[in-house]
Amino acid sequence: MIGLLGFAGLWALGRWRGWGERWLLFAGLWWALLVLVHLPVLAGNPASRVLGGDFRAWLVFGLLGGLALAYREGLRALRRRKVAAPEPSATPTFRETELERYARHILLREIGGAGQKRLKAARVLVVGAGGLGSPALLYLAGAGVGTIGVIDSDVVEGSNLQRQVIHTDARIGMPKVFSAEAAMKALNPFIEVRPYNRKLDDENAAGLVGDYDLVLDGTDDFDTRDLVNRACVAAGVPLISGAITQWEGQLSLYHPAQGGPCYACVFPVRPAPGLAPSCAEAGVAAPLPGVIGAMMAMEAVKWITGAGTGLSGRLMIHDALLAETRVIGVKRRTDCAVCGSKTG
Ligand SMILES: [Zn+2]
């Protein structure tokens, strides 16, 4: 009995002196002493009679105590692991304010800290800072894509502002790439923006595309789309291409290096003049480029982080008038003029 009271006394003394967990050390010593004085070879000595109990009882008591301690430590370790799960995000490459900024991404199982690091390391080129480029650029910037290139030779006009929401009335007359740069840096100062105030042409396309991991094309003429596609196929860089007119839009991811079709596999011939009118000729509903451009940014984030299933080999078509979205399969053509001879 006195042996048990000894443990209670040590615990109380520990509480009083503020020993914390150290009282367990004294309790362990006390238990060792109890076992010692109860050793069969010492049977019958006065100390064992005073302290009470017998050898086996104290051994079982010690075993149970040890198990309880091990169980508690196991629980603590599990809890520590749970708390430490998002640790990859706490790398020195992110500042504290960045971790706060991207917290909603880091919470996602499919992105997490590792995905956010991939986003920061990614270099994405957006061709065109117009209707599709506006939301795509803003969401890429917000998502924390580390390096964003944007190429366009136009200046902001009043008629753009109905849908090109990256620009502002005060920036009418400014080259679109500088207006887009200002908006992106205002949204997220932790990214690098590279504005190219020129038209993408045969001379600069290959060199520029080769500097990036992924290209988004939101231009509205066939020749530029074809040029972007050729440069991407040649460099082995995946291309997310979107298009809109009036009430309908479409997008896909083209990456023949991984077995999917290229843009020319799906759209091999230049449409006859007048058959594919531009937004300036045919008109476009203001939120439509927002819908398709945001989807392009979504596919970019998925591609970079490896989340979910991408749109390679699938063309997504959105009909805003009917409020319908459908996805059709598209295949690579072995006789494709752009990617056919290269890898087929
Ligand atoms: Zn092709």
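These figures come from a predicted structure and were not determined experimentally.

**Here we look at the overall build of the chain**
Line of reasoning, step 1. A tally of helices and strands in the chain yields 15 helices and 8 strands.
Line of reasoning, step 2. The C-alpha atoms of the chain give a radius of gyration of 33 Å, which is well past the 20 Å a tight globule of 344 residues would have.
Line of reasoning, step 3. Along the first, second and third principal axes, the C-alpha set of the chain runs to 110 × 50 × 40 Å.
Line of reasoning, step 4. Taking all 344 residues of the chain together, 43% fall into the buried category.
Line of reasoning, step 5. By element, 61% of the accessible surface of the chain is carried by carbon and sulfur atoms, the whole surface being about 18,400 Å².

**A look at the packing of aromatic side chains**
Line of reasoning, step 1. According to the stated counting rule, one finds 5 aromatic pairs in the structure shown.
Line of reasoning, step 2. With 5.4 Å between their ring centres and 85° between their planes, Trp58 and Phe61 make a pair best called edge-to-face. Here the residue Trp58 and the residue Phe61 both occupy positions in helix 4 (residues 55-84), the gap between them amounting to 3 residues, near one helical turn.
Line of reasoning, step 3. We classify Phe61 as partly exposed; its relative accessible area is 35%.

**A closer look at the sheet that holds strand 6 (residues 248-254)**
Line of reasoning, step 1. Pairing is mixed in the open sheet, where 8 strands are placed in the order 3-2-1-4-5-6-7-8. On the outer flanks of this sheet lie strand 3 (192-196) and strand 8 (324-329), each paired with one strand and no other. When the angles between neighbouring strand axes are averaged without regard to direction, this sheet yields 15°.

**Description of the coordination of the zinc ion**
Line of reasoning, step 1. Within the first shell, the zinc ion binds the protein through Cys262 (SG), Cys265 (SG), Cys336 (SG) and Cys339 (SG), at distances of 2.2 to 2.3 Å.
Line of reasoning, step 2. Coordination at the zinc ion is tetrahedral, judged from the 4 donor atoms that bind it and the angles of 94 to 122° they form at the metal.

**Quick word on helix 10 (residues 202-209)**
Line of reasoning, step 1. When we look at burial in helix 10, the residues that qualify are Asn204, Ala205, Leu208 and Val209. In a view along the axis of helix 10, the buried residues occupy a sector of 115°, so they form one face of it. Relative to its buried face, helix 10 has exposed residues pointing more than 90 degrees away, namely Asp202, Glu203, Ala206 and Gly207.
Line of reasoning, step 2. The N-cap residue of helix 10 is Asp201: its side-chain oxygen and the backbone nitrogen of Glu203 are 3.0 Å apart.

**Re the nonpolar core**
Line of reasoning, step 1. In terms of nonpolar packing, the biggest core is built from 39 residues, with Val124, Leu137, Leu140, Val145, Ile148, Met184 and Leu216 touching the most fellow members.
Line of reasoning, step 2. Counting residues per element, the ones that place at least two in this core are strand 1 (123-127), helix 8 (133-143), strand 2 (147-151), helix 9 (176-187), strand 4 (214-217), strand 5 (239-245), strand 6 and helix 14 (287-305).
Line of reasoning, step 3. If one sorts the elements of this core by residue count, helix 14 sits on top with 7 residues.
Line of reasoning, step 4. For Val145, the residues in contact, after removing those within four places along its chain, are Leu119, Ala122, Val124, Leu140, Ile191 and Ile304.
Line of reasoning, step 5. Core analysis: the second largest hydrophobic core is formed by 30 residues, Val209, Val233, Val330 and Cys339 among them.

**Things to note about the packing of helix 1 (residues 2-17) against helix 2 (residues 23-37)**
Line of reasoning, step 1. For the pair helix 1 and helix 2, the least separation of the axes is 9 Å and the interaxial angle reads 165°. When the interaxial angle is binned, helix 1 and helix 2 end up roughly antiparallel. Here helix 1 and helix 2 pass one another in a crossing that is right-handed. Between helix 1 and helix 2, the contacting residues are Ile2, Gly3, Gly6, Phe7, Leu10, Trp11 and Gly14 on the first element and Trp23, Phe26, Ala27, Trp30, Trp31 and Leu34 on the second.
Line of reasoning, step 2. Broken down by class, the residue content of the contact of helix 1 with helix 2 amounts to 10 nonpolar, 3 polar and no charged.

**A word on the packing of helix 10 against helix 11 (residues 222-235)**
Line of reasoning, step 1. Where helix 10 contacts helix 11, the two axes come as close as 9 Å, and the packing angle between them is 40°. Our classification of the angle between helix 10 and helix 11 gives oblique. Crossing hand, helix 10 versus helix 11: right-handed. Between helix 10, through Asp202, Ala205, Ala206 and Val209, and helix 11, the contact on the second element is made entirely by Leu227, Ala231, Cys232 and Ala235.
Line of reasoning, step 2. A breakdown of the residues in the contact of helix 10 with helix 11 according to their chemical character gives 7 nonpolar, no polar and 1 charged.

**Describing the side chain of Arg171**
Line of reasoning, step 1. For Arg171, the position within the fold is in the loop between strand 2 and helix 9.
Line of reasoning, step 2. Among buried charged residues, Arg171 stands out as having no salt bridge; its nearest opposite-charge side chain is Glu181, 9.6 Å away.
Line of reasoning, step 3. Among the polar contacts made by the side chain of Arg171, one reaches the main-chain carbonyl oxygen of Ile166 at a distance of 2.9 Å.
Line of reasoning, step 4. Beyond its immediate chain neighbours, meaning those up to four positions away, Arg171 contacts Val156, Ile166, Ser179, Ala182 and Ala183.

About the thresholds
Residues numbered from 1 in each chain as written. Predicted model: local features only at pLDDT ≥ 70, side-chain atom pairs only at ≥ 80, totals over all residues. Heavy atoms only, no water. Helix = DSSP H or I, 4+ residues; strand = E, 2+ residues; numbered from the N terminus. Rg over C-alpha atoms; globule rule 2.2 N^0.38 Å. Buried < 20%, exposed > 50% of the residue type's maximum accessible area, 1.4 Å probe, protein only. Areas by Shrake-Rupley, 256 points an atom, 1.4 Å probe, with all protein chains shown as cover. Phe/Tyr/Trp six-rings, centres within 6.5 Å; stacked < 30°, edge-to-face > 60°. Pairing = 2+ DSSP bridges. Axes fitted to C-alpha atoms, helices over the stretch in contact; angles between N-to-C directions. Donors = N, O, S within 2.8 Å, 3.2 Å for Na, K, Ca; no water. Tetrahedral: all angles 85-135°; square planar, octahedral: opposite > 155°, others 65-115°. Arc of directions from axis to C-beta. Polar contact = N/O pair within 3.5 Å; in protein donor to acceptor, adjacent residues only side chain to side chain. Core = buried A, V, L, I, M, F, W, Y, C linked by side-chain atoms within 4.5 Å. Contact = heavy atoms within 4.5 Å. Parallel < 35°, antiparallel > 145°, perpendicular 65-115°, else oblique. Left-handed = near helix turned anticlockwise from the far one by under 90°. Nonpolar A, V, L, I, M, F, W, Y, C, P; charged D, E, K, R; others polar. Lys, Arg positive; Asp, Glu negative; His and termini not counted. Salt bridge = Lys/Arg side-chain N within 4 Å of Asp/Glu carboxyl O.

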